[in-house]
Protein chains: 2
Amino acid sequence: MMKNYVSRIFQPFTSIPKHANTSKQEITSKSQRLMLELGIIQQANPGCYHLLPLGLRSLEKIIKITDGEMSKINGQKVVLSTLVNKALWKTTGRLEETQSELFQLKDRHNHDFLLCPTQEETVTTLLSNIGPISYKSFPLRLYQITSKFRDEIKPRFGLMRAREFIMKDLYSFDVDLKSAQETYSELNDSYDRIFRNIGLDYVKVLGTSGNIGGSISHEFHYQADIGEDKILTCSECGYSANTELSGDCSCPKCKSKNINISSGIEIAHTFLLGDKYSKPLKATFLNIKGKPEVLQMGCFGIGISRIMAAAVEVMSLEQEIRWPDAIAPFNVIILPPKFGSKEEQSTKNLSEKLYTAIENLPNLKDNILIDDRISLTIGRRFLEAKRIGYRFIIVIGKTSTENVPLFELNDLKLNIQMHLTESELLCYIKDNLIF
Amino acid sequence: MMKNYVSRIFQPFTSIPKHANTSKQEITSKSQRLMLELGIIQQANPGCYHLLPLGLRSLEKIIKITDGEMSKINGQKVVLSTLVNKALWKTTGRLEETQSELFQLKDRHNHDFLLCPTQEETVTTLLSNIGPISYKSFPLRLYQITSKFRDEIKPRFGLMRAREFIMKDLYSFDVDLKSAQETYSELNDSYDRIFRNIGLDYVKVLGTSGNIGGSISHEFHYQADIGEDKILTCSECGYSANTELSGDCSCPKCKSKNINISSGIEIAHTFLLGDKYSKPLKATFLNIKGKPEVLQMGCFGIGISRIMAAAVEVMSLEQEIRWPDAIAPFNVIILPPKFGSKEEQSTKNLSEKLYTAIENLPNLKDNILIDDRISLTIGRRFLEAKRIGYRFIIVIGKTSTENVPLFELNDLKLNIQMHLTESELLCYIKDNLIF
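Residues numbered from 1 in each chain as written. Chains lettered and ligands numbered in written order. Predicted model: local features only at pLDDT ≥ 70, side-chain atom pairs only at ≥ 80, totals over all residues. Heavy atoms only, no water.

Here's the deal with the overall build of chain A
- Across its full length, chain A carries twelve helices and 22 strands.
- The principal-axis extent of the C-alpha atoms belonging to chain A is close to 80 × 50 × 45 Å.
- Long-range pairs, those at least 24 residues apart, make up 68% of the contacts in chain A with a sequence separation of at least 6.
- When the accessible surface of chain A is split by element, carbon and sulfur atoms take 51% of a total near 17,900 Å².
- Taking the 54 positively charged and 51 negatively charged side chains of chain A as two groups, their mean positions are separated by 2 Å. (Helix = DSSP H or I, 4+ residues; strand = E, 2+ residues; numbered from the N terminus. Contact = heavy atoms within 4.5 Å. Areas by Shrake-Rupley, 256 points an atom, 1.4 Å probe, with all protein chains shown as cover. Lys, Arg positive; Asp, Glu negative; His and termini not counted. Charge placed at Lys NZ, Arg CZ, Asp CG, Glu CD.)

Spelled out as structure tokens, the structure:
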């Protein structure tokens, strides 16, 4: 694999003046501003964003973590058609309820389509189209990670409330309610693992089912002031729920007034659907007696692109991005000396050598960068690296010319600077990077 | 990684009766019929398909090959917004030309959008939005592998002419025409490597630029009778071109009448665009003197989902799919004996053991399946495996109970059956699988 160099990464810095006319591009959150300014994303239309190379790298790490956990619970990956016949949504009664949030269009034959925001109807039809298959084929868990569309009345916070976004949606099919409940609980555990792997604290609360429906529902949240949901947590009994469900005066479980209300950004939502979709759309299976019965369903969403933005929102400083280690575009950046400096000649190839040593550490292959723009001062490159939020910034400076070279290692998370030998540096990175 | 079992793969067989009413689902090609029947894809609407687990596995292999080659030429991966402002396409004059093939829609504010079939306008605007950056940042090569949309007047041949399809599109930016030509030639070489890696014979011909435009254009084709393009190849001088460009009577280069006309399925198309988009959309860079100049562009498409269908079309038999080894959903399937048979007890765990041995061969990790549906006869499972087209079908039969177990190895490509010891079998697979 070739080495990664900053000069070869497209990352246009676009500083947005503080008092700029924001009519074209409403800046409504810190993460949105930072990601736009630092070339992680670019706005295409209100609520629609291009993911630039660094943004996509982070996103692909979230996808990889998700795929890994899905394979453990035998989630099978598919891609469902985005263009969906409007009639399908009429059958389930969802067209009326969600009308205004749906992007709708006609094809050249004047047939009505919509761009899917979620695909309960589609995947249920997939099952009913093949006719009832044996009970032996279940549980069945189909998922996809694809672009979804929602005509938000007020797109905001960048990727957090976008009109075009990347969502992971899994749909489960079981032969009875008991198995569906087991699936529901297995999937919730698997979501816990995904969020633990991402590494940022989250809360899991009872949720409201909204227009998706069903009997049980859980939400996963990152806590942040700009979060649009209010979450109640009871200090007495530990009960936790969205206040839409619990009210916000006392704990609905133990009646304690000793409660805590905080704001949350919803990053995942799980639903035990029952037969809300399988019944009207006739998705059945053959039971042990060979008779068709209606399938029981669940659905499980994760806001893949929203997680990236929400994590940046929660962790960042006002002028500097911070990432969870597991989903940072890169973990380590090496800054060689400025062109023409005293150090430049005597440290030739030192950064390349260090790069090779670091990429052999666990999980670090392809997660290192060299900032080879040596016409710029170390100071200038250091400030940029800090703003973009690479966890470890290594400076090849004066101490690198000593007999036993010492490297300046900056750990942005712990906010410390050290001078270490190569082997000390390797140990430090290995011990402190969390995956 | 867990082992792969057939019982855990969602692959609904739906046989389509020969004289079925095809009004709902027009079957227009062998690959479309086989992929529908064998549960590789399912039709959602005319020209829109769901990719089921086996289909997506094949697609992801094509994507991996493409990503690998793109990284060699410093192609940087992005995701561009699918919803694009119609006004952009007016600026370049393409709205009029392609109107009828575009899916168009309005958002809730009555703004006009289209679903991108290709993104020259979008990516050029991405560059012009950031203002001119230094000549040092070029060449720049941005690419994505995403769903695209085209309201085909006659969707047909399944994924080969679909209304929703997965395309890889790369856009190159250079500071002058000479560099753009070098990029063009580098990209064409890289496409050659991609198609060599896929492993199916292809032809590369001079192409027509159509509504995308530009001065040079090449097309890559798989040759097949149902191909919609006609390709001329000159037996005298080797010149090769789409007959739209060359006519079809004689070689435009050497005037020879000794020519060959064949049908081709276009799987990739490259264009040297020049300033067709960068000029009207004002995408500029700063030259060495600090003055803005218009960028020179190229664009390079690969029909990712079309390649899968076209390869199946070219290689398959009338009733059995065949895949190029490099993009087959799996390469090896192991069939353990039927439940209750004599062999069943004495060969316990033999298939699991063999699986482990095979997955340690180069490139075979996660490319093996065990057909664990042992309530079915070997014969039934064998026929299914043959129809789906797994290159190597291993039967754990009578000869597996011998002192030195012999396995029945069927090589579908060479159409031979052998009885081999474990080590012979491993050698055979290793030597004959082409990646």
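A look at the nonpolar core
- L51(A), Y191(A), F195(A), I198(A) and Y222(A) are the most contacted members of the largest nonpolar core, which has 67 residues in total.
- Excluding residues that lie within four positions of it along the chain, I198(A) makes contacts with I62(A), I65(A), Y222(A), I307(A), P324(A), A326(A) and I327(A).
- In terms of nonpolar packing, the next biggest core, distinct from the first, is built from 66 residues, I9(B), I62(B), I302(B) and F382(B) among them. (Core = buried A, V, L, I, M, F, W, Y, C linked by side-chain atoms within 4.5 Å. Buried < 20%, exposed > 50% of the residue type's maximum accessible area, 1.4 Å probe, protein only.)

Notes on the sheet that holds strand 19 (residues 368-370) of chain B
All names here are of chain B.
- The sheet built from five strands is open, its strands ordered 19-18-20-21-22 with mixed pairing. Of all the strands in the sheet, the pair left with one neighbour each is strand 19 and strand 22 (416-420). Sheet twist, expressed as the average angle between the axes of neighbouring strands with direction ignored, equals 20 degrees.
- Across three bridges, the pairing between strand 18 (residues 332-335) and strand 19 is parallel. Bridging from a neighbouring strand, V332 pairs with I368 of strand 19. (Pairing = 2+ DSSP bridges. Axes fitted to C-alpha atoms, helices over the stretch in contact; angles between N-to-C directions.)

Re the interface of chain A and chain B
- The interface is formed by 57 residues belonging to chain A together with 57 residues belonging to chain B.
- When chain A packs against chain B, the two sides together hide about 4,700 Å² of surface, and 57% of this comes from carbon and sulfur.
- At the junction of chain A with chain B, the criterion picks out four salt bridges.
- Measuring nitrogen to oxygen at the nearest pair gives 3.7 Å for the salt bridge that ties K77(B) to E60(A).
- Connecting chain A to chain B are 26 residue pairs in polar contact (both at pLDDT 80 or more).
- When grouped by side-chain class, the residues that make up the side of chain A that touches chain B number 28 nonpolar, 17 polar and twelve charged. (Buried area = accessible area lost by both parts, 1.4 Å probe. Salt bridge = Lys/Arg side-chain N within 4 Å of Asp/Glu carboxyl O. Polar contact = N/O pair within 3.5 Å; in protein donor to acceptor, adjacent residues only side chain to side chain. Nonpolar A, V, L, I, M, F, W, Y, C, P; charged D, E, K, R; others polar.)

Section: the side chain of T82(B)
- Within the element layout of this structure, T82(B) appears in the loop between strand 3 (76-77) and strand 4 (83-85).
- Among the residues examined, T82(B) registers a relative accessible area of 8% and is labelled buried.
- If we ignore the near neighbours within four places in the chain, the residues touching T82(B) are F149(A), E164(A), L114(B), L115(B), C116(B), Q119(B) and F149(B).

A few points about the packing of helix 2 (residues 53-72) of chain A against helix 6 (residues 177-198) of chain A
Residue and element names in this part refer to chain A.
- Running from N to C, helix 2 and helix 6 point in directions that differ by 145 degrees, and their axes come no closer than 10 Å. Crossing of helix 2 over helix 6 shows right-handed handedness. Residue-level inspection shows I62, I65, T66, E69, M70 and K72 of helix 2 in contact with helix 6, the latter providing L187, S190, Y191, R193, I194, N197 and I198.
- Considered class by class, the residues forming the contact of helix 2 with helix 6 number seven nonpolar, three polar and three charged. (Left-handed = near helix turned anticlockwise from the far one by under 90°.)

Structural notes on the packing of aromatic side chains
- Per the counting criterion, the structure on display carries 20 aromatic pairs over all chains.
- Centre to centre, the rings of Y191(B) and F300(B) are 6.5 Å apart; their planes meet at 75 degrees, and the pair counts as edge-to-face. Linking Y191(B) in helix 6 (residues 177-198) with F300(B) in strand 17 (residues 296-303), this pair joins segments that are 109 residues apart in sequence.
- Each residue in the set Y184(A), Y191(A), F195(A), Y202(A), F220(A), Y222(A) and F300(A) is aromatic and connected to the rest through ring pairs, giving one cluster.
- We note R57(A) situated over the ring of F330(A); from NZ or CZ to the ring centre the distance is 3.8 Å.
- In this structure, R94(A) packs its charged tip against the face of W89(A), placed 4.2 Å from the ring centre. (Phe/Tyr/Trp six-rings, centres within 6.5 Å; stacked < 30°, edge-to-face > 60°. Lys NZ or Arg CZ within 6 Å of the ring centre and 35° of its normal.)

A few points about the relation of the copies chain A and chain B
- Its rotation angle being 180 degrees, the transformation that places chain A on chain B also includes 0.0 Å of axial translation and leaves an RMSD of 0.0 Å. What the superposition gives is, in effect, a two-fold axis relating one chain to the other. Considering only C-alpha atoms, the residue of chain A closest to the rotation axis is L105(A), which sits at 2.6 Å.
- An overlap of 100% is found between the interface residues of chain A and their copies at the interface of chain B, pointing to a shared contact surface. (Least-squares fit on C-alpha atoms with pLDDT ≥ 70 in both.)

Brief notes about the pattern of salt bridges
- For the structure on display, the rule yields 63 salt bridges over all chains.
- The residue E318(A) makes a salt bridge to R33(A) at a minimum N-O spacing of 2.8 Å. Of this pair, E318(A) sits in the loop between helix 8 (304-315) and strand 18 (332-335) while R33(A) sits in helix 1 (residues 30-37), and the two are 285 residues apart along the sequence.
- R33(A) sits in the buried class, given a relative accessible area of 16%.
- The shortest N-O distance in the salt bridge between K3(B) and E352(B) comes to 3.7 Å. One end of the pair, K3(B), is in the segment before helix 1 (30-37); the other, E352(B), is in helix 10 (residues 350-359), with 349 residues separating them in the sequence.
- Each of E101(A), R150(A), E152(A), R156(A), R161(A) and E228(A) takes part in salt bridges that share partners, so that together they form one network.

A look at the pairing of strand 12 (residues 229-234) of chain A
Residues and elements named next belong to chain A.
- Pairing analysis gives six bridges linking strand 12 to strand 14 (residues 259-274), with the strands arranged antiparallel. Each bridged residue has a counterpart across the sheet, and for I231 the counterpart in strand 14 is S262.
- Linkage of strand 12 to strand 13 (residues 240-242), two consecutive antiparallel strands, is achieved through a turn of five residues, within which G238 is found at a positive phi near 85 degrees.

Regarding the domain arrangement of chain A
Residues and elements named next belong to chain A.
- As far as domains go, chain A holds domain 1 (30-228 + 263-315) and domain 2 (330-432).
- One C-alpha centre belongs to domain 1, the other to domain 2, and the line joining them spans 40 Å.
- With six residues of domain 1 at the contact, the number on the domain 2 side is seven residues.
- Roughly 590 Å² of surface becomes buried between domain 1 and domain 2 when both sides are summed, with 48% attributable to carbon and sulfur atoms.
- Of all residues in domain 1, the largest losses of buried area upon contact with domain 2 belong to L38, L54 and R57, amounting jointly to 70% of the total for that side. (Domains from an automatic or database assignment.)

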